[in-house]
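What follows is the residue order along each chain.
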Amino acid sequence: MKRHLLITIILIITLLTGCAQTQPVKTKGITEQSPTVLGLLGQLSPSLAHEVNRLPEFQQSVSERQIQALNKFVYLTNNATESEKSNLSSILKVGIPKSRKYCTPIQAIFWLLEKKDFEPGNSPLGYPLIDLLHKAWDYAEKDRWKDYETVTDRLNSHELVNYYEKGRFLYDLRGEDRKPTGATYDPLYLFWFNRGHCRDVTAFTLHCLKKAGYKVKEYRVDPGITTKAYHAATLFEWQGKNYIMDNGRPDKLLRIDFIPLDEYKPYDLTKNYRGETGKICRSCALPMDYKDLGTESDGSRSYDYCNLCFKDGKFTNPNITMNQMIKESITRLAGKLKVPESQAKEAAELFIPRLKRWK
Ligand SMILES: [Zn+2]
């Protein structure tokens, strides 16, 4: 009890002195500027004091507003409710504490405290991670979000990278043409313009997570278009398990969070293209989903022919005539298009004679 009273008195004094200052404070760092407040925080929670001390904001000249935020932070920590305390301790574990540059969620709390006053029990200390980011990260504050290395230092956990990528990046394959370097991928271009494709996004994710001490690797998925083109995602290890982060998808809704590697594989191939290829078989006119594609002799997928007509680079029935094919494909088409056979017959007679195989 006595210690709390003492802390409160010191806090009030510090707050009052803080308020009385009108000039911005310039010092080497927070340790020199506010040893008392930081010492106080150290008494309350050494790990918290350690993390606050590491925030980039407190490494060089510290503004008066930041000192005020620190005072508020100590006050709120000292009076935190049980749920705020437990939220704070889970927030401290975001990323890999040993290797991350600093604790980003604590920085987010400070950003909020710089702007507003909060009461214990209803303060950012109790905001779950995503809520906290939602309230504190304002990309319109360009000074905070303009420098590539600063931002990628900040994105030092898979949750943080994922949140940023989902909110910021638009899928844009055409961006390729506009890249000045002619590189096939470019995370810096993506960072500036917030547009890019799977390899840009993956390069960005790898850069952030590698910096933060994660074990990471590019994960290539052959979407079957050709053997050279592939879809790229990030494979990362978290608490001994392998996960995939895949935000380089055309459809934002399909950017789900982290998928354990073993669940990812079947999911990706069908969902990345929604299973649809937009192509019809140029032999039997069957509209092809990804799973319907035939195979080339090198094992890659054929986007020309379905797997009933074309396997391992060869037609399955090389001697079939066009009229036989029209007859055969009626049932197939009726099933796939979910139409009566009479209608399927019309379609087969109309389309099949125009297809590549019969020209
Ligand atoms: Zn076919």
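Reference entry: report on the structure contained in this document. (Residues numbered from 1 in each chain as written. Predicted model: local features only at pLDDT ≥ 70, side-chain atom pairs only at ≥ 80, totals over all residues.)

1. Re the overall build of the protein chain
Phase 1 of the analysis: On a plain count of helices and strands, the protein chain comes out with 17 helices and 12 strands.
Phase 2 of the analysis: Looking at the protein chain as a whole, 34% of its 359 residues qualify as buried.
Phase 3 of the analysis: Taking contacts inside the protein chain between residues at least 6 apart in sequence as the whole, the part at least 24 apart equals 55%. (Helix = DSSP H or I, 4+ residues; strand = E, 2+ residues; numbered from the N terminus. Buried ≥ 20, exposed ≤ 12 C-beta atoms within 10 Å, placed from the backbone. Contact = placed C-beta atoms within 7 Å.)

2. Thoughts on the nonpolar core
A general trend in soluble globular proteins is that nonpolar side chains are found buried together.
Phase 1 of the analysis: In this structure, Leu70, Phe73, Val74, Ile109 and Phe110 are the most contacted members of the largest nonpolar core, which totals 27 residues.
Phase 2 of the analysis: By residue number, the principal contributor to this core is helix H5 (residues 64-78), which donates 7 residues.
Phase 3 of the analysis: One finds Phe191, Leu209, Tyr214 and Ala233 within the second-largest nonpolar core, a separate group that totals 26 residues. (Core = buried A, V, L, I, M, F, W, Y, C linked by C-beta atoms within 7 Å.)

3. Here we look at the sheet that holds strand E5 (residues 241-245)
Phase 1 of the analysis: What the 4 strands build is an open sheet, ordered E3-E4-E5-E6; its pairing is antiparallel. Either end of the sheet is taken by a strand with one partner, and the two such strands are strand E3 (216-221) and strand E6 (258-260). Going from strand to strand, the sheet's axes swing by 40° on average, the running direction of each strand aside.
Phase 2 of the analysis: Examined bridge by bridge, strand E4 (residues 231-238) and E5 share 5 bridges and lie antiparallel to one another. Note that in E5 the partner of Glu237 across the bridge is Asn242.
Phase 3 of the analysis: Across the face of the sheet, helix H14 (residues 198-211) comes into contact with E3, E4 and E5 while running at roughly 20° to E4. (Pairing = 2+ DSSP bridges. Axes fitted to C-alpha atoms, helices over the stretch in contact; angles between N-to-C directions.)

4. A look at the pairing of E4
Phase 1 of the analysis: Extensive coverage of E4 is indicated by the burial of 6 of its 8 residues.
Phase 2 of the analysis: Inspection of the sheet shows E3 paired to E4 by 6 bridges, in the antiparallel sense. If you follow Glu218 over to E4, its bridge partner there is Thr234.
Phase 3 of the analysis: Counting the residues that bridge the hairpin from E4 to E5 gives 2 residues, and of these Gln239 lies at a positive phi of roughly 50°.

5. Re the packing of helix H16 (residues 322-337) against helix H17 (residues 341-351)
Phase 1 of the analysis: Closest axis-to-axis distance for the H16/H17 pair is 8 Å, and the angle between their directions is 120°. Relative to H17, H16 is oriented oblique. For the crossing formed where H16 meets H17, the hand is right-handed. When H16 is examined against H17, the residues Ile326, Ser329, Ile330, Thr331, Leu333, Ala334 and Leu337 are found in contact with a partner set consisting of Glu341, Ala344, Lys345, Ala347, Ala348 and Glu349. (Parallel < 35°, antiparallel > 145°, perpendicular 65-115°, else oblique. Left-handed = near helix turned anticlockwise from the far one by under 90°.)

That's the geometry; what it means functionally is another story.
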